[in-house]
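# Structure at a glance
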Amino acid sequence: MKNKLLSWLLLLPLVLTAYGAFQYWRMSEEYQAYQYVLEEKEDLQRLIADDPDTQITFEDGETASAGEQLGMLNRELNKYSSEIMLIVARVDVSKATMITGVLSLIFGGMAIYLCISSGRRARRSRDELLIVFARCRKQLPFILTGQMTLIGLSILCALVYEGMWFAGNFEMSGGGVKMMIFILISILLIASYIIKGLFKLRKSFAMFRSEPSSVIGHAVSRDEAPGLWQWVDETAGKVGTASPDHIIVGMTECFYVTSHAICLNDAQQIEGKTLYFPLLYSALLNREEATAVIGHELGHFTGEDTTYSLNFAPIYAGMSQSISLVADEVQDVYSQVIMSPSVYLGLFFLEQFDFAVSHWSRIRELEADKAGAAVSSPAAVSGSLLRISAVSEVIYETLAELYDGTLQTDDLLPVVMNRLRERGVPAAEAFLDDATTHPSDTHPQTRARIEALSQEIDTELLAAASREVQAQDYENISDLFTDAKAISMMLTASLSNEATEHNTQRTEVLETLLNESTAADEVVLGERRKTFRTMFILGALTAAGMGIAAVNMGISNLLDSPAVYAGWLLLLFWGVAFMYRNRGKTPLFSFRHGQLVSDNLAQAYPLHYIVDYDLSETSGMVTVTLHVADGAPAPAMAGKNRFFKFDAKKQKLLIMMGGVRLWEGKTLSLQELSELIHGQLQTAHARHELHR
């Protein structure tokens, strides 16, 4: 990544500056001549001002009045005014290319220095991390915008110069017109991408601003959850911090606290300290384990961690996501040239902070674990970590089914409890190396956190974390709410409504996609026989040449001459032709009703298992790489074929072809093949989703 960063931020501006200097050099003689004429004109004007009758004597002895000489110069300047204007314009544009290139280089160097120095300071202390991060949030967006604008302008100036040079040196007819149109289109494209890039970089300003976090749940009042509020108040007092301003009960996340602004259910804005209380996890923890978790979370509101939680963690997480979104929009060549310097600078900025963030995040989590242990016990903290990891898979699975519409229920909590009763809680030992997360932060591995508490990882601890679900559905939370079941049903209804709305919109989109799709139900593809034909013809020409040589020289003389080596070429050409003799005679594969069909496959392979594809071409050989989804069944191969094979380790189906053509149809370019495969995959996935 550093090599790409240096290339885009330093090497590209250097190249543009050097190219601007080259453009200036190309005009230096004409421009100097023009400057000499202007100086001569000024001298004549000065002489005439002193004495209108001044005579000028030339080296050959002839004389002329200063007025006549000035008039001649003015006539010449007027005669070649358009050429002179073009010379001056090209010189000015070449200077602009150099200036914007140098400024871009300075901006890039400043930005790299800012990132490196800030990253080093951030490692010294948590206070330093917050200080330099706040500075970078203000400065970096302007540097990104300036860098992108200067790079774009430098490229634009270079193209404008070449356009003027071409216009002044070639006749505007035939190929000249076409070349000029190409240059003008390139100039317009670069200008448009500068403007688009500036609008895209508005996202980079947004990613450096604090935006409310989106949360799904219900903010419970003290009347709705008197037991929960009393419990949290008591735990906060033991931890040594104030109680949160809000408690949000939900089902989609695990325990966490935040001081960041929250947008609840895309409708209600919440400010202040908030505790997220997950109903599903809470029902599966005993009171001591749940107290340990809440004590841990409230521990983030004590000491230095308060500022960290409020001002850094949520914003940093949002920055990472936003930079990734901007990077995903850099696709074509023009946007790569314009946007890449800013994108790589943003990624480099995050890279410099990553080490410091990981270091201080680890410390803050271990400190919070001690706070949780202080209000419960090290064993309770350790057990809660393991049990949360152990039950998470069933919770995620159940939520996914609800969102997909395959699960219909008016209360999600009993469904989760019953599934865990039937299946049993997985062995906690398998989750020792896991690391839990919440929306704006990550945590150290569970094993490291338990060891930091000096808690022994023994069979008793593991057995307690993996204990069977014996409690009644609401037994562990019934005393926390005036009506725990009503809260659970309300949250389930809210999630179900959101899932229904989402699925309805998705169905409409998929149906529209299928209706507008131009993908044929069956497309048969084969190889071109170009390799076989070329090798056969070259072999035939070689054989004919050897035959003519044999007639003219005689067999004995031919065998003694260097021409005999042509026999090896004959063997090579016809040997390759023999290898490719059957290639292209029959279809290689086809897309048929959402499946990949080929004689090289033992059975048709559904296209919805393929999640992506790549195309490449080398020396006329086209390689199609189909990426199979993780967990999807591998395609059954009919036999070994080095041109049609499945790489099980990388989950890739490789198809190599000597050119591509529609069966009994036209030859396809790489772009046409890409569009064809994209259409087939898109249609297959849409049909599969609708069928589900």
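One can find the structure itself at the top, above this paragraph.
Okay, so let's go over this structure. (Residues numbered from 1 in each chain as written. Predicted model: local features only at pLDDT ≥ 70, side-chain atom pairs only at ≥ 80, totals over all residues. Heavy atoms only, no water.)

When you go through the protein residue by residue, the secondary structure sums to 21 helices and 21 strands. Every one of the 692 residues in the protein was classed for burial, and the buried ones make up 45%. Pairs at least 24 apart in sequence give 76% of the contacts found in the protein among residues at least 6 apart. Summing over all exposed atoms, the protein offers an accessible surface of approximately 35,200 Å²; the carbon and sulfur share of this is 56%. (Helix = DSSP H or I, 4+ residues; strand = E, 2+ residues; numbered from the N terminus. Buried < 20%, exposed > 50% of the residue type's maximum accessible area, 1.4 Å probe, protein only. Contact = heavy atoms within 4.5 Å. Areas by Shrake-Rupley, 256 points an atom, 1.4 Å probe, with all protein chains shown as cover.)

Attention now moves to the pattern of salt bridges. Between side chains of opposite charge, pairing is possible as soon as their charged atoms come close. One pass over the full model with this rule turns up 15 salt bridges. When the shortest N-O distance is used, the salt bridge between aspartate 369 and arginine 449 registers 2.8 Å. Taken together, the positions of aspartate 369 in helix 12 (residues 333–375) and arginine 449 in helix 15 (residues 446–452) put the pair 80 residues apart, joining distant regions of the chain. Among the residues examined, aspartate 369 registers a relative accessible area of 2% and is labelled buried. Assessed through its relative accessible area of 2%, arginine 449 is described here as buried. Aspartate 473 is the partner of arginine 421 in a salt bridge, and the nearest nitrogen-oxygen pair spans 2.9 Å. Here arginine 421 is found in helix 14 (residues 412–423), whereas its partner aspartate 473 is found in the loop between helix 16 (459–465) and helix 17 (484–516), with 52 residues between them in sequence. Connected through shared salt-bridge partners, Glu397, Glu401, Arg419 and Arg423 make up one network. (Salt bridge = Lys/Arg side-chain N within 4 Å of Asp/Glu carboxyl O.)

Pairing is antiparallel in the open sheet, where four strands are placed in the order 16-17-19-18. The strands lining the two open edges of the sheet, one partner per strand, are strand 16 (610–618) and strand 18 (644–647). Here the strands of the sheet are splayed against their neighbours by 20° on average, with no regard to which way each runs. When strand 16 meets strand 17 (residues 621–628), the two strands line up antiparallel, connected through eight bridges. (Pairing = 2+ DSSP bridges. Axes fitted to C-alpha atoms, helices over the stretch in contact; angles between N-to-C directions.)

Neighbouring strands of a sheet are bound in pairs by backbone hydrogen bonds; such pairs are parallel or else antiparallel. Ordered by their spatial adjacency, four strands build an open sheet running 4-5-9-6, and the pairing between neighbours is mixed. Single-partner strands in this sheet number two, and they are strand 4 (218–219) and strand 6 (256–258). The sheet contact formed by strand 4 and strand 5 (residues 246–250) spans two bridges and is antiparallel. Looking at the pairing, alanine 219 lines up with isoleucine 248 of strand 5. Sheet contacts for helix 7 (residues 226–239): strand 5 and strand 9 (274–278); angle to strand 5, the most-contacted strand, approximately 125°.

Counted by the stated rule, this structure contains eight aromatic pairs. Arranged with centres 6.3 Å apart and planes meeting at 85°, the rings of tryptophan 231 and phenylalanine 277 form a pair that is edge-to-face. Of this pair, tryptophan 231 sits in helix 7 while phenylalanine 277 sits in strand 9, and the two are 46 residues apart along the sequence. Note on accessibility: tryptophan 231 and phenylalanine 277 belong to one class, buried. Judged by centre distance (5.6 Å) and plane angle (80°), the ring pair of phenylalanine 589 and phenylalanine 591 falls under edge-to-face. For the pair formed by phenylalanine 589 and phenylalanine 591, the shared burial category is buried. Taken together through their ring pairs, the aromatic side chains of Trp231, Phe255, Phe277 and Phe481 make up a single cluster. If you follow arginine 287 out to its NZ or CZ, it ends over the ring of tryptophan 231, 4.8 Å from the centre. (Phe/Tyr/Trp six-rings, centres within 6.5 Å; stacked < 30°, edge-to-face > 60°. Lys NZ or Arg CZ within 6 Å of the ring centre and 35° of its normal.)

Nonpolar side chains collect at one region of the surface, where Ile99, Val102, Leu103, Ile106 and Met110 lie side by side and expose about 420 Å² of accessible area between them. Following the sequence through the fold, valine 102 ends up in helix 3 (residues 81–122). Given the relative accessible area of 36%, valine 102 is considered partly exposed. (Patch = residues over 30% accessible without salt bridge, like charges linked within 9 Å, V, L, I, M, F, W, Y side chains within 5 Å.)

Turning next to the packing of helix 7 against helix 9 (residues 287–299). Where helix 7 meets helix 9, the axes come as close as 9 Å, and the angle between the chain directions of the two elements is 60°. By the angle class used here, helix 7 and helix 9 are oblique. The handedness of the crossing between helix 7 and helix 9 comes out as right-handed. Contact residues: Trp231, Val232, Thr235, Ala236 and Val239 in helix 7; Arg287, Ala290, Thr291, Ile294, Gly295, Leu298 and Gly299 in helix 9. Each residue belonging to the contact of helix 7 with helix 9 can be placed in one class, and the counts come to seven nonpolar, four polar and one charged. (Parallel < 35°, antiparallel > 145°, perpendicular 65-115°, else oblique. Left-handed = near helix turned anticlockwise from the far one by under 90°. Nonpolar A, V, L, I, M, F, W, Y, C, P; charged D, E, K, R; others polar.)

Turning to its location among the elements, leucine 70 is positioned in helix 2 (residues 66–79). Taking the C-alpha atoms as reference, leucine 70 lies 6.4 Å from lysine 41; in sequence the two are 29 residues apart. Sequence-distant contacts of leucine 70, defined by excluding residues within four places in its chain, comprise Lys41, Leu44, Gln45 and Ile48.

Once that is clear, we can look at the pairing of strand 17. The element strand 17 is largely enclosed, with a buried count of eight among its eight residues. Across the two faces of strand 17 the burial is the same, with Met621, Thr623, Thr625 and His627 and Val622, Val624, Leu626 and Val628 all buried. Looking at chain direction, strand 17 and strand 19 (residues 652–657) are connected through six bridges and run antiparallel. The residue bridging leucine 626 from the neighbouring strand is leucine 653, located in strand 19.

So, on to helix 9. Helix length check: helix 9 (13 residues) gives 18 Å between terminal C-alpha atoms against 18 Å at 1.5 Å per residue, within 8%. The buried count for helix 9 comes to eleven of 13 residues, which makes it a mostly enclosed element. With a side-chain oxygen lying 3.2 Å from the backbone nitrogen of glutamate 288, the N-terminal cap of helix 9 falls on asparagine 286. (Expected span 1.5 Å × (residues − 1). Polar contact = N/O pair within 3.5 Å; in protein donor to acceptor, adjacent residues only side chain to side chain.)

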